[in-house]
Amino acid sequence: MKLVPRDPFFTHLPHFRDINRYFNLELGDEDSNIATSAWTPAVDIAENDNHFLIEADVPGVNPKDIEVSMENGVLTLKGERENEIKEEKEGYSRVERSHGSFYRRFSLPETADSENITAKSSNGVLKITVGKKDIAKPKKITVNVQ
């Protein structure tokens, strides 16, 4: 008989996710990272001392068809990827590229400056930079020697 080490938490991981999802929704955190659409672009969020950076993969989406807005600390991304009309005679046996609209929302901390937001699209990646308020930026304090 071979003994195999087992992590008891690993077997319960799906249950923990369900519980977290339930409590996040019940506690009113529904504005944080909501994805509701036919397809959902992958998003990376990073933070440094001066700003937050949100990068969304939106290949095939015309930048003119993307709407970025921020209200009450919630950043919203909306857009649509047009459906290409394909003739059946081309012999497709499988179509995996999703089309349609997307809608994502992210709760940002109160340090986010809603007056200092830029959005740029390049090579199918939407980059949104949200500046931080001056009061949120770290301040270096010099230690004087006596």
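For the structure, see preceding data.
Keep in mind that what you see is a predicted model, and the values were worked out from it rather than measured.

The rules behind each value
Residues numbered from 1 in each chain as written. Predicted model: local features only at pLDDT ≥ 70, side-chain atom pairs only at ≥ 80, totals over all residues. Heavy atoms only, no water. Pairing = 2+ DSSP bridges. Helix = DSSP H or I, 4+ residues; strand = E, 2+ residues; numbered from the N terminus. Axes fitted to C-alpha atoms, helices over the stretch in contact; angles between N-to-C directions. Buried < 20%, exposed > 50% of the residue type's maximum accessible area, 1.4 Å probe, protein only. Lys, Arg positive; Asp, Glu negative; His and termini not counted. Salt bridge = Lys/Arg side-chain N within 4 Å of Asp/Glu carboxyl O. Polar contact = N/O pair within 3.5 Å; in protein donor to acceptor, adjacent residues only side chain to side chain.

(A) Broad picture of the sheet that holds strand β2 (residues 43-47). The strand order β2-β3-β8-β7 describes an open sheet built from four strands, whose pairing is antiparallel. In this open sheet, the two edge strands, each paired with only one partner strand, are β2 and β7 (112-122). Here the average twist between neighbouring strands, direction ignored, is 15 degrees. In this structure, β7 lies alongside strand β8 (residues 125-132), joined through seven bridges in antiparallel fashion. Among the inter-strand pairings, S122 is bridged to a residue of β8, identified as V125.

(B) Region of interest: the side chain of R104. Inspection of the secondary structure puts R104 in strand β6 (residues 100-107). Comment: no salt bridge for buried R104; closest opposite-charge side chain is D44, at 8.6 Å. At a separation of 2.7 Å, a polar atom in the side chain of R104 contacts the main-chain carbonyl oxygen of P41.

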